[in-house]
Amino acid sequence: MSDTRNMRPAILALALGSFAIGTSEFAAMGLLPYFAGDLGLNESQAGHVISAYAFGVVVGAPVTSILGAKLPRRRYLAALMAFYGLMNLLAAALPGFAALTSMRFLAGLPHGGFLGVAMLYAADALPKSQRARGAAQIIMGLTIANIAGVPLAGALGQGIGWRWGFALPGVLALISAYAILKLAPRVGGNPDARPWDELAALRNPRVLWVLAVGAIGFGGLFAVYSFLTAAMLATTDAPGWAIPVTLGLFGVGGTLGTWVSGRVTERLGQIRAAFISFAAMAVTQGFAAWVVGDWVLMMLSSFLLAAGAGLVIPLQTRLMDVAGEAQNMAAAMNHAAFNAANALGPLAAGAALAAGFGWQAPGIVGLGFTAAGALVLWLAIRHERAGAAAADCA
């Protein structure tokens, strides 16, 4: 897409969809204490609602990539966002824990396909040397959601009911779907596309290594953030305004971290940028464990957690280089990998809490995931170098 100016309105429409997704995904974590109390759940049980969404992303990424292989990107993205909006509205409207968990699973299905293809859209609009910047433009919709959308959803949940926290992103998603249909370029689909060829990405070892790095390494962020507001309520006497401000600080940190990650990836390369991100995540997760009980420092830790978590940018651009013709599947599966982390992190942290290890446990669990992710990245590099050496000798 050579005419970048013509893509700007489309990118804004896509970023609104990303904003809706970010509001829904992260607001659920901040709303956890409220729907848990209303539905009579403990923190560990309520964490299953968050994990259900993440599992939906994991399942939906390959399915939507196959089903949408022949569709024009404009219609594909609009359909995914419309479905996303409807599922969020049903999560807000239907009664009971089972309905909430089911609707959150279904809402997760279009997440990976939408964000993955939207990032490819934005990356294609820029020169190759600036692809990371294009991908960051879409991801910043997620992070800006944490500045505005998530605190608003949290305030609604705290003030008039947690269901409004899910209704808000549902409405935003429907607006985005309409805007995409109106503003995105009308480019036809590929009639020669063979949907099952997208599965080639899942047979590519270089792709699978990158996905493993994200699925494991990002679990630490979600282990800590999923229980951050619950920890503040349980261990401090924080004023009511502290919760939405804490969620907003997470968004400010994420926006800054995403912008920096795009530039660092362009300047230092994907691998170095990924290792820098792992180092930053380890420091911030350790800090989060240390400051439990001090609500002011916990607010600061929310900002730092997000600021250090720019791993998605180097991994996404890495996938663009190694996925070959299966770009849609690889891009969608990158978000599935991060949401596998979103499932694993809260499950592990919830299990530690249920076992009685205290509110510092999510930070310690997070450090374990981050260390494991860095190890997988190191193994991935060794595997690729060994393969290259073998090819040179052949």
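What counts and how
Residues numbered from 1 in each chain as written. Predicted model: local features only at pLDDT ≥ 70, side-chain atom pairs only at ≥ 80, totals over all residues. Heavy atoms only, no water. Helix = DSSP H or I, 4+ residues; strand = E, 2+ residues; numbered from the N terminus. Expected span 1.5 Å × (residues − 1). Buried < 20%, exposed > 50% of the residue type's maximum accessible area, 1.4 Å probe, protein only. Axes fitted to C-alpha atoms, helices over the stretch in contact; angles between N-to-C directions. Parallel < 35°, antiparallel > 145°, perpendicular 65-115°, else oblique. Left-handed = near helix turned anticlockwise from the far one by under 90°. Contact = heavy atoms within 4.5 Å. Nonpolar A, V, L, I, M, F, W, Y, C, P; charged D, E, K, R; others polar. 1 Å grid on protein atoms, 1.4 Å probe; cavity = no way out; pocket = protein on both sides within 12 Å on 5 of 7 lines; lining within 4 Å. Points joined across faces, edges and corners; volume = space filled by probe spheres on them. Phe/Tyr/Trp six-rings, centres within 6.5 Å; stacked < 30°, edge-to-face > 60°.

Engineer: Is there a simple way to think about helix α13 (residues 270-290) in this case?
Structural biologist: Three or four residues apart is the spacing at which side chains of an α-helix point the same way, because the helix has 3.6 residues per turn. Taking 1.5 Å per residue as the helical rise, α13 with its 21 residues ought to reach 30 Å, and the 31 Å between its terminal C-alpha atoms agrees with that figure. Buried within α13 we find Gln270, Ala273, Ala274, Ser277, Phe278, Met281, Thr284, Gln285, Phe287, Ala288 and Ala289.

Engineer: Can you walk me through helix α8 (residues 163-183) in this structure?
Structural biologist: Helix length check: α8 (21 residues) gives 31 Å between terminal C-alpha atoms against 30 Å at 1.5 Å per residue, within 8%. Among the residues making up α8, those that are buried are Gly165, Phe166, Ala167, Pro169, Gly170, Leu172, Ala173, Ser176, Ala177, Ala179 and Ile180.

Engineer: Just to check I follow, could you spell out the environment of Val292 for this structure?
Structural biologist: Within the secondary structure, Val292 sits in the loop between α13 and α14 (295-307). Judged by relative accessible area, which is 18%, Val292 ranks as buried. Taking the C-alpha atoms as reference, Val292 lies 6.3 Å from Gln360; in sequence the two are 68 residues apart.

Engineer: Would you mind going over the packing of helix α12 (residues 242-268) against α13 with me for this structure?
Structural biologist: When two helices pack together, their arrangement is captured by the angle between the axes and the distance separating the axes. In contact at an axis separation of 7 Å, α12 and α13 are set at 135 degrees when each is read in the N-to-C sense. The angle between α12 and α13 falls in the class oblique. The two elements α12 and α13 cross, and the hand of that crossing is right-handed. Listed contacts from α13 to Val264, Thr265 and Leu268 of α12 are Gln270, Arg272, Ala273 and Ile276. Per-class residue counts for the contact of α12 with α13 are 4 nonpolar, 2 polar and 1 charged.

Engineer: Even after reading the chapter, I still don't get the layout of surface pockets, so can you show me in this structure?
Structural biologist: Rolling a probe over the atoms, with the probe sized like a water molecule, indicates the empty space that remains. Each pocket or cavity is described by its volume, and for the second largest pocket that value is around 250 Å³. Residue lining of the second largest pocket: 17 residues in total, with Ile271, Arg318, Ala380, Ile381 and Glu384 positioned closest to the centre. Here the lining of the second largest pocket takes 6 residues from helix α17 (residues 361-393), the largest share from any one element. When the residues that make up the lining of the second largest pocket are grouped by side-chain class, the tally is 11 nonpolar, 2 polar and 4 charged.

Engineer: Is there a simple way to explain the packing of helix α3 (residues 73-93) against helix α4 (residues 97-108) in this structure?
Structural biologist: Across the interface, α3 lies against α4 with an axial gap of 9 Å and an inter-helix angle of 170 degrees. Taken together, α3 and α4 sit at an angle that is classed as roughly antiparallel. Along its contact with α3, which presents Phe83, Tyr84, Met87, Asn88, Leu90 and Ala91, the element α4 presents Leu100, Met103, Arg104, Leu106 and Ala107. Per-class residue counts for the contact of α3 with α4 are 9 nonpolar, 1 polar and 1 charged.

Engineer: Before we go on, may I ask you to explain the packing of aromatic side chains in this structure?
Structural biologist: Think of a pair of aromatic rings as described by two things: how far the centres are apart, and how the planes are tilted against each other in angle. For the structure shown, the criterion picks out 8 aromatic pairs. On the numbers, 6.4 Å between centres and 80 degrees between planes, the contact of Tyr53 with Tyr84 is edge-to-face. In this pair, Tyr53 sits in helix α2 (residues 43-67) while Tyr84 sits in helix α3, placing the two residues 31 residues apart along the sequence. Relative accessible area serves as the criterion here: at 2%, Tyr53 is assigned to the buried category.

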